[in-house]
Amino acid sequence: MPSIFTHIIEGRLPGHFVWKDAVCVAFLTIAPLKPGHTLVVPRQEVEAWTDLEPDALQHLTRVAQSIARALDRIYRPEKVGLTILGLEVPHVHLHVSCIWSPNDLDFGRADSKASQASLAEAAGKLRAALRELGHPEVADA
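In this report, we go over the structure that sits alongside the text. (Residues numbered from 1 in each chain as written. Predicted model: local features only at pLDDT ≥ 70, side-chain atom pairs only at ≥ 80, totals over all residues. Heavy atoms only, no water.)

### Re the overall build of the protein
Here comes step 1: In terms of helices and strands, the protein carries three helices and five strands.
Here comes step 2: Listing the helices and strands of the protein from first to last along the sequence gives α-β-β-β-α-β-β-α.
Here comes step 3: In summary, the protein has a C-alpha radius of gyration of 14 Å against a globular reference of 14 Å for 141 residues, a match within 12%.
Here comes step 4: Along the three orthogonal principal directions, the C-alpha set of the protein runs to about 35 × 35 × 30 Å.
Here comes step 5: Here the protein holds 141 residues, and 45% of them are scored as buried.
Here comes step 6: Within the structure as shown, the protein displays about 7,700 Å² of accessible surface, and the carbon and sulfur contribution to it stands at 53%.
Here comes step 7: Between the mean site of the 14 positive side-chain charges and the mean site of the 17 negative ones, the protein shows a separation of 7 Å. (Helix = DSSP H or I, 4+ residues; strand = E, 2+ residues; numbered from the N terminus. Rg over C-alpha atoms; globule rule 2.2 N^0.38 Å. Buried < 20%, exposed > 50% of the residue type's maximum accessible area, 1.4 Å probe, protein only. Areas by Shrake-Rupley, 256 points an atom, 1.4 Å probe, with all protein chains shown as cover. Lys, Arg positive; Asp, Glu negative; His and termini not counted. Charge placed at Lys NZ, Arg CZ, Asp CG, Glu CD.)

### Concerning helix α2 (residues 54-75)
Here comes step 1: For α2, spanning 22 residues, the distance from its first C-alpha to its last is 31 Å, which sits close to the expected 32 Å at 1.5 Å a residue.
Here comes step 2: Residues of α2 that are buried in the fold lie against β1 (17-20), β2 (24-28), β3 (38-42), β4 (79-84), β5 (94-99) and α3 (116-132). (Expected span 1.5 Å × (residues − 1). Contact = heavy atoms within 4.5 Å.)

### Side note on the pairing of β1
Here comes step 1: Relative to β2, β1 runs antiparallel, the two sharing three bridges. From the neighbouring strand, Phe17 faces β2, where its bridge partner is Phe27. (Pairing = 2+ DSSP bridges.)

Structure representation (structure tokens):
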């Protein structure tokens, strides 16, 4: 059965995409820890990151790093965090989010009521920053 992320990738469910290439996509989560919180998701449905082909894992990490640099440019956080949990959706995804303290990575504090307008605004800023950093893989709005 396709995961919810597959439905988003294939356009059957909406998503605020910031990156698309042949291996993966990146879009904002609907329950962000902080503005700009992005998920990097392989197109291939793989449940555990440990089952990814090494080249695919390296690619996802490079994309996450590019997104982290763009988030840093926009929000100027103390750090940009990267986490791989995989408990909520059985499809590998890397969380890239701004952090100012360890509490900023507490998923119990995620904003489950983030507005579509705030997500769209953050996605627009992130796409612009990625373009400024020279990434042609930026998704269209």
